[in-house]
Structures are given as C-alpha cells and as structure tokens.
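Descriptive analysis of the structure
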Amino acid sequence: DQQVKQNSPSLSVQEGRISILNCDYTNSMFDYFLWYKKYPAEGPTFLISISSIKDKNEDGRFTVFLNKSAKHLSLHIVPSQPGDSAVYFCAARSEGAQKLVFGQGTRLTINP
Amino acid sequence: IAGITQAPTSQILAAGRRMTLRCTQDMRHNAMYWYRQDLGLGLRLIHYSNTAGTTGKGEVPDGYSVSRANTDDFPLTLASAVPSQTSVYFCASEHSLGRQPQHFGDGTRLSIL
C-alpha cells in the first residue's frame, strides 16, 4: 500500500519555464511533508518542507503547496534551470513519528 | 566537512555471502536510518535507530540486521545475501528534536549475483 504516490515517473520542462511536481498521499495522519532532490550517484538532499498548518512555503525559486482536503502537495520551481535536472522525491511524516514515507520519485529534465 | 560517510560505494557479492554496509555520521544526530532505493518504488525504510542502543524495524526488514553501539555508527548486515537484495542502499541521520530533515549519505550500490 503506497501511502505517498508520485504518479509521474518523469517530467520534461523547458529552461526558464515553471516545473510542477505533484505528490498525493492517503494517510490523513501525515502532518509534515518534505521534498528531496537527488542527483545520480549522490544521496538525496533536502530541498523544502511544509507543515500541515500551512498551505504554502516558499524558498527562493522553490514553492511547496499543500492541499489537505485533496491530500495533495506540489513543488513549483520557477524559473527552471538546467541544474534542476534530477530526481525529486516527496516524503511525509506523521505527528509523533520520526519515520519518513517516500514517494516513488519523479525524474525532472530541464531542456535548454 | 560534517556529514554521513557510507562504505563501500559499490560492491558485487555472491549469493549466500555475508556483507556489512558501513555508515558513520559526525553530526551527533540521535536518529539514524537505512533505506533501499529500487526503481519505481522510491526509498523504503529497512531499519532505524532513535538513539544509541536501540533499533527498530522499518517497512522491509527481512534479511537485514542492524546495531547501534554508539551515536556515530549504524552498520547494516546482510547475513546471507540473495539476488533480490540487489539495490542502492542509503544511510540517513537526523537530530530528533523538532521537525528536522534527514541527511543522507551518497549510498552503496550492491549487486548480488
């Protein structure tokens, strides 16, 4: 049972445009959500997070939106740059729990 | 530079052999984790440790064991490797106070033949 789902295995975006990566979850107990970025042959690196008490968190070119009623979150990258090409994982955590549940990942390719 | 070190970076292993993947962190984080990454499945938690001396099972613990003798080290052992354990293994750590993101090592690519 996949509690965190990223239904798009891959996404291709032109440089300078907006990239939107989506993530759905099923567990209503999740109250903290994170996005990680992963380059080949490296470990995932933390990108941005959001608590369930918020619906938006912004950090430079990266914005995460949370829609609790739809159990959906998205990561917006604008403008997209070639260095953003990587695999992006969303992850979620329940209140009081330390363990993260990860989605399958979306491979983002930024085309020049 | 503070962080997580995993060793080896890659390994080819015959089925049935014993293998220990090493993980060391120098950030004095309380909690440590082992994940495996498989195509189409994302990262799945194998075992975790909330603090030195304690361990717990994750989502896919069968065939793996861990120990946490001290804060810095969290080795993962495959007692008798099988081909389905071919994967990329990531170790992670985090400070357990508050909502902190996990920090990951660069992974060990393990192939079981």
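Here, the structure is the one placed above.
Residues numbered from 1 in each chain as written. Chains lettered and ligands numbered in written order. Predicted model: local features only at pLDDT ≥ 70, side-chain atom pairs only at ≥ 80, totals over all residues. Heavy atoms only, no water.

A look at the sheet that holds strand β1 (residues 4–5) of chain A
- On the basis of which strands lie adjacent, the open sheet formed by five strands has the order β1-β3-β8-β7-β6 (chain A) and antiparallel pairing. Both outer strands of the open sheet, β1 and β6 (56–59) of chain A, are each paired with one neighbouring strand and no more. (Pairing = 2+ DSSP bridges. Helix = DSSP H or I, 4+ residues; strand = E, 2+ residues; numbered from the N terminus.)

Quick notes on the packing of aromatic side chains
- Enumeration according to the criterion identifies twelve aromatic pairs over all chains in this entry.
- Aromatic side chains Y36 of chain A and F102 of chain A sit 5.8 Å apart centroid to centroid with 50 degrees between the ring planes, which places their arrangement in the tilted category. Pair noted here: Y36 of chain A is in strand β4 (residues 30–38) and F102 of chain A is in strand β10 (residues 101–102), with a separation of 66 residues, a long-range link.
- On the accessibility criterion, Y36 of chain A (0% relative accessible area) is buried.
- Where F102 of chain A meets F104 of chain B, the ring centres are 6.1 Å apart and the plane angle is 80 degrees; that geometry is what we call edge-to-face. Here F102 of chain A, found in strand β10, pairs with F104 of chain B, found in strand β10 (residues 103–104), and the two come from separate chains. F104 of chain B carries the same exposure label as F102 of chain A, and that label is buried.
- Following the ring pairs from residue to residue traces out a cluster consisting of Y36, F46, F89 and F102 of chain A together with Y33, Y35 and F104 of chain B. (Phe/Tyr/Trp six-rings, centres within 6.5 Å; stacked < 30°, edge-to-face > 60°. Buried < 20%, exposed > 50% of the residue type's maximum accessible area, 1.4 Å probe, protein only.)

Concerning the layout of surface pockets
- In this structure, the largest pocket spans a volume of roughly 590 Å³.
- Looking at the lining of the largest pocket, the elements with two or more residues in it are β9 (86–94) and β11 (106–111) of chain A together with β4 (31–38), β9 (87–94) and β11 (108–112) of chain B.
- Per-element tally for the lining of the largest pocket: the top contributor is β9 of chain A, with three residues.
- Its residues assigned to classes, the lining of the largest pocket comprises ten nonpolar, 13 polar and six charged.
- Within this model, the second largest pocket holds a volume of roughly 340 Å³.
- Looking at the second largest pocket, it is lined by 17 residues, and the ones nearest its centre are Q3, L100, V101 and F102 of chain A together with E59 of chain B.
- At the level of elements, β10 of chain A together with β5 (42–49) of chain B are the ones that each hand at least two residues to the lining of the second largest pocket.
- Examining the composition of the lining of the second largest pocket, we find that three residues originate from one element, β5 of chain B, more than from any other. (1 Å grid on protein atoms, 1.4 Å probe; cavity = no way out; pocket = protein on both sides within 12 Å on 5 of 7 lines; lining within 4 Å. Points joined across faces, edges and corners; volume = space filled by probe spheres on them. Nonpolar A, V, L, I, M, F, W, Y, C, P; charged D, E, K, R; others polar.)

Thoughts on the interface of chain B and chain A
- With 22 residues of chain B in contact, the opposing surface of chain A contributes 23 residues.
- When the two sides are added together, the surface that chain B and chain A hide from each other amounts to roughly 1,700 Å², 55% of it contributed by carbon and sulfur.
- Where chain B packs against chain A, one counts one salt bridge.
- Here R93 of chain A and E94 of chain B are joined by a salt bridge, their closest N and O atoms 2.9 Å apart.
- Here chain B and chain A share three residue pairs in polar contact (both at pLDDT 80 or more) between them.
- Listed by contribution, the elements that provide at least two residues to the side of chain B that touches chain A are β4, β5 and β9 of chain B.
- In terms of residue class, the side of chain B that touches chain A is made up of ten nonpolar, eight polar and four charged. (Contact = heavy atoms within 4.5 Å. Buried area = accessible area lost by both parts, 1.4 Å probe. Salt bridge = Lys/Arg side-chain N within 4 Å of Asp/Glu carboxyl O. Polar contact = N/O pair within 3.5 Å; in protein donor to acceptor, adjacent residues only side chain to side chain.)

Here's the deal with the state of the cysteines
All names here are of chain A.
- In this structure the tally under the stated criterion is two disulfides over all chains.
- Note on cysteine connectivity: C23 is disulfide-linked to C90, with sulfurs 1.9 Å apart. On the sign convention where negative means left-handed, the S-S torsion of about 65 degrees between C23 and C90 marks this disulfide as right-handed. In this pair, C23 is assigned in strand β3 (residues 19–25) and C90 in strand β9, connecting sequence segments 67 residues apart. (Disulfide = S-S within 2.5 Å.)

Focus: the pattern of salt bridges
- Summed over all chains, the structure comprises six salt bridges over all chains.
- A salt bridge links R28 of chain B to D72 of chain B, with the nearest nitrogen and oxygen atoms 2.9 Å apart. With a gap of 44 residues between them, R28 of chain B in the loop between β3 (19–25) and β4 and D72 of chain B in the loop between β7 (64–66) and β8 (76–78) connect regions that are remote in the sequence.
- By relative accessible area, which is 52% here, R28 of chain B ends up exposed.
- D72 of chain B sits in the partly exposed class, given a relative accessible area of 24%.
- For R36 of chain B, the salt bridge goes to D38 of chain B, with nearest N and O atoms at 2.8 Å.
- Taken together, the salt bridges that share partners define one network made up of K37, R61 and D84 of chain A.

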